[in-house]
Amino acid sequence: MHRGSALLLRLAGQLRSHTYICICCGSEGDRRVCPSCLRTSGITESSAIKTAPAGPPIKQLHYCADYHIRTTTDTGPAIEDSPLAVALRRFKYCDDRRAGRALADLMARQTRALELEFDAVVPVPLHSNKLKQRGFNQSAWLAKAVARSAGSRFFPCGLVRRLSGKPQCGLNGCERRMNLSRAFRAQRDFSIYLRVLLVDDVITTGTTLKQAGRALFEAGATDIHCAVLLNASGPSQAHETASP
Ligand SMILES: [Zn+2]
């Protein structure tokens, strides 16, 4: 190879300042989540975060992608976890911090596209037992990145769990509502932080977010939005075995 060409190639390599390994598929590229895995998860390059109605006191639910994807197999359509859902599980249950950073970046970027202003960003807190066991609150990771990106105040302990209820996993909608009734308490006066963005990793039935939103509302917040990474409350919710 000509010496000049070799030098140019080396310089081009250096200019590619960041080479990432996609957290979902392991391919090399310039993004933490490659375009193919984003597309498979239902996110196109230019798409903004999705928005859905939410019951009061929450004004709107914003979510980056659906938890499940539909694929067509020889035997007909199937529902499976999206690449992002697999990455989220690795973050939550296998302590994969690289996946956590990538998901937080993605959520911050998508949430910024809302062009809404918030006085405070608050994560849904974990049960203290679960926090001890896991060592971190995945929603707080996401919320911190969102707050930093939006230039909003971040209150990691804005809400606390009032009761150490049973785990939500395996309960039906009614049981979840009973289990979570009055489960959250605001730790500060939100009447001076009226516009609050509540952040969680996944929405399933929506009960957790509604109860957390109610605690914020009772503490004075009036303009409450929710942002989640993945929405598992869609039509594929019946796919209980793969719920997060
Ligand atoms: Zn990928």
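Everything quoted here is computed from the prediction, not taken from an experiment. (Residues numbered from 1 in each chain as written. Predicted model: local features only at pLDDT ≥ 70, side-chain atom pairs only at ≥ 80, totals over all residues.)

What to know about helix α8 (residues 207–218)
Every α-helix carries 3.6 residues per turn, so stepping three or four residues along brings you back to the same face. End to end, α8 covers 17 Å across 12 residues, agreeing with the expected 16 Å (1.5 Å per residue, within 8%). Counted residue by residue, α8 has nine buried out of 12 residues, so it is predominantly covered. Gly220 occupies a position one or two residues after α8 and carries a positive phi of about 115 degrees. (Helix = DSSP H or I, 4+ residues; strand = E, 2+ residues; numbered from the N terminus. Expected span 1.5 Å × (residues − 1). Buried ≥ 20, exposed ≤ 12 C-beta atoms within 10 Å, placed from the backbone.)

With respect to unusual backbone geometry
Of the consecutive residues Pro56 and Pro57, the connecting peptide bond is found in the cis state with omega at 10 degrees. Inspection of the secondary structure assignment puts Pro57 in the loop between β3 (50–53) and β4 (58–66). If you check the backbone angles, Asp95 has positive phi at about 55 degrees while not being a glycine. In this fold, Asp95 is placed in the loop between α3 (83–94) and α4 (97–112). One non-glycine residue, Glu115, adopts positive backbone phi at about 55 degrees. Relative to the elements of secondary structure, Glu115 occurs in the loop between α4 and β7 (120–123). C-beta crowding within 10 Å serves as the criterion here: with 8 such atoms nearby, Glu115 is assigned to the exposed category.

Here we look at the packing of α4 against helix α6 (residues 138–150)
When two helices pack together, their arrangement is given by the angle between their axes and by how far apart the axes lie. In contact at an axis separation of 8 Å, α4 and α6 are set at 45 degrees when each is read in the N-to-C sense. One finds that α4 runs oblique with respect to α6. For the crossing formed where α4 meets α6, the hand is right-handed. Contacts between α4 and α6 involve Gly100, Leu103, Ala104, Asp105, Met107, Ala108, Thr111 and Arg112 on the former and, on the latter, Gln138, Trp141, Leu142, Ala145, Val146, Ser149 and Ala150. Looking at the contact of α4 with α6 residue by residue, the class counts come to nine nonpolar, four polar and two charged. (Axes fitted to C-alpha atoms, helices over the stretch in contact; angles between N-to-C directions. Parallel < 35°, antiparallel > 145°, perpendicular 65-115°, else oblique. Left-handed = near helix turned anticlockwise from the far one by under 90°. Contact = placed C-beta atoms within 7 Å. Nonpolar A, V, L, I, M, F, W, Y, C, P; charged D, E, K, R; others polar.)

Some words on the nonpolar core
Residues Leu103, Val196, Leu198 and Leu230 are the most contacted members of the largest nonpolar core, which totals 63 residues. A per-element tally of this core places α6 first, with seven residues. Residues within four places of Val196 in sequence aside, it is in contact with Phe118, Asp119, Ala120, Val122, Phe190, Leu216, Ala221 and Ile224. (Core = buried A, V, L, I, M, F, W, Y, C linked by C-beta atoms within 7 Å.)

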